[in-house]
Amino acid sequence: MWESESESVRGREYGNGILSSSKHGVKTDGFELRGQSWYVATDIPSDLLVQVGDVNFHLHKYPLLSRSGKMNRLIYESNDPDLNKIALEDLPGGPEAFELAAKFCYGIAVDLTAGNISGLRCAAEYLEMTEDLEEGNLIFKTEAFLSYVVLSSWRDSIVVLKSCEKLSPWAENLQIVRRCSESIAWKACANPKGIKWAYTGKPTNVSSPKWKDFKDSSPSRSQPVPPEWWFEDVSILRIDHFVRVITAIKVKGMRFELIGASIMHYAAKWLPGLIKDGQGQADDMSISSNSNSSGSSSWKGGLHMIVAGTKDDIPSIQAKDQRMIIESLISIIPPQKDSVSCSFLLRLLRMANMLKVAPALVTELEKRVGMQFEQATLADLLIASYNKSETLYDVDLVQRLLEHFLVQEQTESSSPSRQSFSDKHMYEGTQRSNNPNAKMRVARLVDSYLTEVSRDRNLSLTKFQVLAEALPESARTCDDGLYRAIDSYLKAHPTLSEHERKRLCRVMDCQKLSIDACLHAAQNERLPLRVVVQVLFSEQVKISNALASSTLKEPGETQYQPLIPNRKTLLEGTPQSFQEGWTAAKKDINTLKFELESVKAKYLELQNDMENLQRQFDKMSKQKQTSAWTSGWKKLSKLTKITTFENHDIGPQISTTADQTRKAHRRWRNSIS
C-alpha cells in the first residue's frame, strides 16, 4: 500500500538488488543442482563439502576462507589440514541463504529481494562476513539494502517482517524485527497526502489497484484512502510480530478506535469462530517482491499459517496457538472505553475460559467487559460453563461482570475528577447520554439472562437470588422481566417448598408490576398465596390512586360523582386482556375474602374452647391444694352469706333470729377461745 518516491532511485543505486563481488577467486559459470547437491561449474575439482541440512555443497576453500571468518576458524582450528567436510546445522536461513552467500563468495551476481534479504543478512552474520576480511562484504551490502530499500517501502517491510518468523533469535538480535515494525508503524500513521499507494492486501469485495495506476497521482486527488487500509496487510503477521507493530503504532499516537478495529480484524482472521461470519477468511495476500517468487509469492490468512504436525497433533497445537493469540490480544487492547466492542470482548472471554487462559488476563478482560457492560446482548452473555460447575451456563461469570460494572459506575460517579482532560473531552457527550440509562439497560439484560438460565434445573436458588438482587432498586422501574424469570424458575423447579418460594418472590416488588403482569400473577398457582394477595392489593392501590388523581382534576364536582365515569375511562384505557379478566379477578377476591372469614370464625371457636379448658384446669388445681381447715372456713362464709340474705327478706322475725344467731356465734367463739 505504500510506495516511497525514492524507492526506485535507491533501487537503481544498488543495481536493482543485484550483488556481486569485485574479486573472483575461481572462474565459474554458476552453480548446478544435481539431486540434493550443489556443484560449482568449473574445471577445478572441489576440495570442501559443506552440509546445510539435507543439502550438500561441493565448494572450494579459498573463496569461502577469503570472506567468511567462521569458515576460517572452523578449518584452521580443527588442526586437520586435510579437513574437507563441514556441517552447518544451525545456519539461519537454511540451504537457500547459504546458496546465496556461497554465490557471493564466488563473485556470482545475487538477486536481493524482500523475500531473501532477512535470511541472507542473518546468514552473513552467522558466517562472520565482515569488513575486516574484505571491503564491501556481505554484511555491509545486505545491511545497506535493508536500510535504504526495504525500510522505505511498505510492502517490502511487511514481507521482510513476515520472513523473520523462521529466523529467531537472529532477526531479533540484528534489530530487523524492530526496524521493520517501526517502519510499518510510521507509514500506517503518516498523512496519506503526497504518497503513492498500492494495496498489497485483497479485501473480499475490493480489488487491488495496480501499481502503475498510482504513478502520477495521489489518493487525495483520485481515490480517497480509507483509514483502515493497513488492517489486511498487518493481519498476516504472526502474533508476536503483530504485537510489536501495534505497540509501535500506539507510541506514534494513532487513534485508539483504529487500533481496536485492527485487533478485531486480526482476531477474526486468526481465531475461527470468534466473530460471526468471519471464521478464518483466507484471502490471498499478493505481497511479492520484484523478481523472486519463491520467498514472497503469497500468503493466506488463517490459523493454518502457524499450525504444523500430524493430524493427531493439530487439536492440541491449535489450542496452544489460540491461547497464545488470545493472551497477546488481551495485553494490547487499548485501555480506553469503546476501543473495541463489548460483543468482541465477551466472545474473547468465552474463548479464554474455554482454552484456560492465565487467570490474571481473564480478570483483566472481565474488568474491560464491566466498563461497557450495558452494550452487551443476551446471546453474548450465554457463556457455557467450562469448569466443574453443575450449571449449564457460567452464572458466576455474569455475577462478576455485573460487580465490575457496578464498581465502575460508582467510581465514575464518586470521583469524576480523576479522569484526565483528554478522557473527559473524549467521553463527555457519551457519558452524559448513556450513564443515566446504563443501569436500566443492564437491569433488563440481567432479567432476560435470569429468564434464560432459570430453566436449568441445577441452578440453585441462592445463585438466582444473589444475581437478581445485585442491582439497586432504582435500576428497575418495572419488575415484569424479573417476574417472568421467577415464574420460569418456579416452572423448572416444582419441588420447591413454601418457604423457598416465598424467599424467591422476595426479590420482586409487586408494586412495580404492570397490569398484565398483575393479572397473570393473580391467577398463577405457582406463586405463594401471600404474594398473590400482595399483587391484588398493590393493583387495588394503583386503581384507587388513579381514580383519586382523576377526581382531583375536577375540584368543582363531588368526589363520588366522577368515580363511575373515571372508572369506565380507566378500564377503556387498559389492555383488552385486563377487561376480559376483570370478572375472574373479582371472583378470586371474593373467594379470598370468604376464606379469610372462615378462618376468623374457626379462630374464635378455638379461642372459646381454650378459655373453657383453662377454667376447668384452674378449678381442678385449686381443689387439690385446699385442706380441711380452709374448707371449714369456706363453708362458714357461705353460711353467713345465706343468713344475711334471709334477714333482708323476712322482716322483724329476722331481728330475733339474728340476735339468737349472734349469741350462738358469740358462745361458739368463747368456746373456741
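Residues numbered from 1 in each chain as written. Predicted model: local features only at pLDDT ≥ 70, side-chain atom pairs only at ≥ 80, totals over all residues. Heavy atoms only, no water.

**Let's talk about the overall build of the chain**
Just so we agree on the cut-off: In this text, helices come from DSSP runs of H or I with a minimum length of four residues, and strands from runs of E with a minimum of two, each type numbered from the N-terminal end. Residue burial is assigned from relative accessible area. The probe radius is 1.4 Å, only protein chains are included, and a residue is buried under 20% of its type maximum, exposed over 50%, and partly exposed in between. Only heavy atoms enter the contact rule, under which two residues are in contact if any of them lie within 4.5 Å. Accessible surface is estimated by sampling points in the Shrake-Rupley manner with a 1.4 Å probe; for residues, cover comes only from the protein chains shown.
Scanning the chain for helices and strands turns up 28 helices and eleven strands. Counting all 673 residues of the chain, 42% fall into the buried class. Here the analysis covers contacts within the chain between residues at least 6 apart in sequence; of these, 70% occur between residues at least 24 apart. With the model as given, the accessible surface of the chain reaches about 37,700 Å², and the carbon-plus-sulfur share is 53%.

**Here we look at the sheet that holds strand 4 (residues 37–40)**
Working definition: the strands of a sheet are paired by backbone hydrogen bonds and lie parallel or antiparallel to each other. What counts here: A strand pair is defined by DSSP finding two or more bridges across the two strands. Only the stretch in contact is used when a helix axis is fitted, and all axes are lines through C-alpha atoms; the angle between N-to-C directions ranges over 0 to 180 degrees.
Read from one edge to the other, the open sheet built from five strands follows the order 3-4-6-5-7, with strand pairing classed as mixed. Each having just a single partner strand, strand 3 (31–34) and strand 7 (85–87) make up the two edges of the open sheet. Each adjacent strand pair in this sheet contributes to an overall mean axis angle of 20°, direction not counted. As paired strands, strand 5 (residues 48–52) and strand 7 are joined by three bridges and run parallel to one another.

**What to know about the environment of Ala 114**
By the element assignment, Ala 114 lies in the loop between strand 8 (110–111) and helix 5 (117–127). Ala 114 sits in the buried class, given a relative accessible area of 2%.

**Re the pairing of strand 6 (residues 55–59)**
Of all five residues in strand 6, four are buried; the element is thus mostly enclosed. Of the pairings in the sheet, the one linking strand 4 to strand 6 comprises three bridges and is parallel in character. Following the sheet pairing, Trp 38 is matched in strand 6 by Phe 57. Taken together, the five bridges between strand 5 and strand 6 define a ladder with antiparallel strand orientation. Of the residues in strand 6, the one forming a bridge with Leu 49 is His 58. Linking strand 5 to strand 6, which pair antiparallel, is a turn of two residues; within it Gly 53 sits at a positive phi near 70°.

**Describing the packing of aromatic side chains**
Going by this rule: Side-chain rings of Phe, Tyr and Trp, where Trp is taken by its six-membered ring, are said to pair if the distance between their centres is within 6.5 Å; with planes under 30 degrees apart they count as stacked, over 60 as edge-to-face, and otherwise as tilted.
Using the criterion set out here, one finds ten aromatic pairs in the structure. Summarising the aromatic geometry, the rings of Phe 57 and Phe 98 are spaced 4.9 Å apart at their centres and angled 70° between planes, so their arrangement reads as edge-to-face. Here the residue Phe 57 occupies a position in strand 6, and Phe 98 occupies one in helix 4 (residues 94–105), the gap between them amounting to 41 residues. With a relative accessible area of 0%, Phe 57 lands in the buried category. Judged by its relative accessible area of 2%, Phe 98 is buried.

**What about the packing of helix 6 (residues 138–150) against helix 7 (residues 154–163)?**
Just so we agree on the cut-off: These descriptions rest on fixed angle ranges, namely under 35 degrees for roughly parallel, over 145 for roughly antiparallel, 65 to 115 for roughly perpendicular, and the rest for oblique. Put simply, Ala, Val, Leu, Ile, Met, Phe, Trp, Tyr, Cys and Pro go in the nonpolar bin, Asp, Glu, Lys and Arg in the charged bin, and everything else, Gly too, in the polar bin.
Packing of helix 6 against helix 7 leaves a shortest axis separation of 9 Å and a crossing angle of 135°. Relative to helix 7, helix 6 is oriented oblique. Contacts between helix 6 and helix 7 involve Leu 146, Val 149 and Val 150 from the former and Asp 156, Ser 157 and Val 160 from the latter. Considered class by class, the residues forming the contact of helix 6 with helix 7 number four nonpolar, one polar and one charged.

**A word on the environment of Ser 385**
Looking at where Ser 385 falls in the secondary structure, it is placed in the loop between helix 16 (378–381) and helix 17 (395–414). Considered as a pair, Ser 385 and Asp 396 are eleven residues apart in the sequence and their alpha carbons are 9.2 Å apart.

**Side note on unusual backbone geometry**
Across the chain, the bulk of peptide bonds are trans and the bulk of non-glycine residues have phi less than zero. Each neighbour pair has its own omega, and for Ser 168 with Pro 169 the value is 0°, a cis peptide bond. Within the secondary structure, Pro 169 sits in the loop between helix 7 and helix 8 (170–173). Not every positive phi belongs to a glycine, and Gln 175 is a case in point at roughly 65°. With respect to the helices and strands, Gln 175 occurs in the loop between helix 8 and helix 9 (176–189). Gln 175 gets classed as partly exposed once you look at its relative accessible area, which sits at 32%. Despite not being glycine, Asp 338 has its phi angle at roughly 70°, a positive value. Among the structural elements, Asp 338 can be located in the loop between helix 13 (314–332) and helix 14 (342–354). What makes Asp 338 partly exposed here is its relative accessible area of 28%.

**Notes on the packing of helix 19 (residues 461–468) against helix 21 (residues 498–505)**
Condition: A clockwise turn of the near helix away from the far one marks a right-handed crossing, whereas an anticlockwise turn of less than a right angle marks a left-handed crossing.
Where helix 19 contacts helix 21, the two axes come as close as 10 Å, and the packing angle between them is 20°. Here helix 19 lies roughly parallel to helix 21, going by the angle between them. Of the two possible hands of crossing, helix 19 and helix 21 adopt the one that is left-handed. Here Leu 461, Thr 462, Phe 464 and Gln 465 of helix 19 lie close against helix 21, whose contacting residues are Glu 500, Arg 503 and Leu 504. When grouped by side-chain class, the residues that make up the contact of helix 19 with helix 21 number three nonpolar, two polar and two charged.

**A short note on helix 12 (residues 256–270)**
Each α-helix turn comprises 3.6 residues. Residues three or four places apart therefore point the same way. Note the following rule: In this analysis, the expected span of each helix is defined as 1.5 Å times one less than the number of residues it contains.
Counted at 1.5 Å a residue, the expected span for helix 12 with its 15 residues is 21 Å, and the 21 Å between its end C-alpha atoms agrees. The buried fraction of helix 12 is high, at eleven of 15 residues. Among the residues of helix 12, Phe 256, Leu 258, Ile 259, Gly 260, Ser 262, Ile 263, Tyr 266, Ala 267, Ala 268, Lys 269 and Trp 270 are the ones counted as buried.

**Let's talk about the pairing of strand 3**
Bridge count between strand 3 and strand 4: four bridges; the pairing is antiparallel. Note that in strand 4 the partner of Arg 34 across the bridge is Ser 37. Linkage of strand 3 to strand 4, two consecutive antiparallel strands, is achieved through a turn of two residues, within which Gly 35 is found at a positive phi near 65°.

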